[in-house]
Amino acid sequence: MKTELTISTAAINEAALTKRREMGKGMGAVIYFSGVVREIEGNAPITAIDYEAHEEMARHQFSLIFDAVEKSWPVESVRLVHRLGVVPVNEPSLWVEVTAPHRAEAFDACQFLIDEMKQKVPIWKKPLPA
């Protein structure tokens with residue numbers, strides 16, 4: 001399985017990421033998820049979220065999660081971008097793409113990856129009040 005992980009303060013360019021997609025002949029499903037900063041965190045209005053990470057450990061944990069995906073589903077590739085620093089409301093902080101032969105496998109792998117990330121990857125968020 002091919003993997004690509006980007007952890008960066010740069011804005012996520014979804015169009016550019018989609019344009020760079022490569023797929024094998026047997027692939028019939030591409031699932032991508034964009035996690036966008038909403039204007040309410042809990043019950044409070046916010047202007048942005050400030051993300052920080054323990055990058056070395058985050059990369060290690062992502063590697064373990066990617067290995068688990070590879071063992072569980074016939075996924076061809078996973079690409080994941082997580083933004084750090086201040087991410088304003090209505091901008092993506094997370095972008096995940098999973099390519100697989102069939103939609104069910106791609107959806108399941110993507111859901112698993114995001115759930116595991118939220119539990120295990122040391123990335124923290126601090127909402128910035130409005």
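As a reminder, the structure under discussion sits directly above these lines.
Residues numbered from 1 in each chain as written. Predicted model: local features only at pLDDT ≥ 70, side-chain atom pairs only at ≥ 80, totals over all residues. Heavy atoms only, no water.

Student: For this particular structure, what's the right way to read the pattern of salt bridges?
Tutor: Side-chain pairs of opposite charge can arise where the charged atoms are in close proximity. Scanning all chains against the criterion turns up 7 salt bridges. Among the salt bridges present, the one from Arg21 reaches Glu97, with a minimum N-O distance of 2.8 Å. Within this pair, whereas Arg21 is found in the loop between helix 1 (14–19) and strand 2 (29–36), its partner Glu97 is found in strand 7 (residues 92–100), the two being separated by 76 residues in sequence. Since its relative accessible area comes to 26%, Arg21 is described here as partly exposed. Sharing partners across several salt bridges, the network here consists of Arg21, Arg79 and Glu97. (Salt bridge = Lys/Arg side-chain N within 4 Å of Asp/Glu carboxyl O. Helix = DSSP H or I, 4+ residues; strand = E, 2+ residues; numbered from the N terminus. Buried < 20%, exposed > 50% of the residue type's maximum accessible area, 1.4 Å probe, protein only.)

Student: I tried to follow the nonpolar core on my own but got confused; where do I start?
Tutor: Soluble globular proteins tend to bury their nonpolar side chains together. Residues Phe62, Val75, Val96, Val98 and Leu113 are the most contacted members of the largest nonpolar core, which totals 31 residues. At the level of secondary structure, the elements contributing two or more residues to this core comprise strand 2, strand 4 (44–53), helix 2 (55–72), strand 5 (77–83), strand 7 and helix 3 (103–120). The element contributing the most residues to this core is helix 3, with 6 residues. (Core = buried A, V, L, I, M, F, W, Y, C linked by side-chain atoms within 4.5 Å.)

Student: Help me understand the sheet that holds strand 1 (residues 2–8), please; the structure alone is not making it clear to me.
Tutor: In a beta sheet, neighbouring strands are held together by backbone hydrogen bonds and run either parallel or antiparallel to one another. With respect to topology, 4 strands assemble into an open sheet ordered 1-5-7-2, the strand pairing being mixed. Of all the strands in the sheet, just strand 1 and strand 2 have a single pairing partner and so form its edges. Within this sheet the neighbouring strands show an average axis-to-axis angle of 5°, counted without direction. Bridge count between strand 2 and strand 7: 8 bridges; the pairing is antiparallel. Counted as the bridge partner of Ala29 is Ala100 from strand 7. Strands in contact with helix 2 are strand 1 and strand 5; relative to strand 1, the strand with the most contacts, it is inclined by about 155°. (Pairing = 2+ DSSP bridges. Axes fitted to C-alpha atoms, helices over the stretch in contact; angles between N-to-C directions. Contact = heavy atoms within 4.5 Å.)

Student: I tried to follow the side chain of Glu105 on my own but got confused; where do I start?
Tutor: Mapping Glu105 onto the fold places it in helix 3. Here Glu105 occupies a buried position and makes no salt bridge, while the nearest side chain of opposite charge, Arg103, is found at 10 Å. Here His102 takes part through its backbone nitrogen, which lies 3.2 Å from a polar atom of the side chain of Glu105. Beyond its immediate chain neighbours, meaning those up to four positions away, Glu105 contacts Trp73, Pro74 and Ala100. (Lys, Arg positive; Asp, Glu negative; His and termini not counted. Polar contact = N/O pair within 3.5 Å; in protein donor to acceptor, adjacent residues only side chain to side chain.)

Student: Help me out: how do you make sense of unusual backbone geometry in this one?
Tutor: A negative phi angle characterises most non-glycine residues, just as the trans form characterises most peptide bonds. A positive phi angle, close to 75°, is found at Asn90, a residue other than glycine. By the secondary structure assignment, Asn90 is in the loop between strand 6 (85–88) and strand 7.

Purely spatial values, then, with no claim about function.
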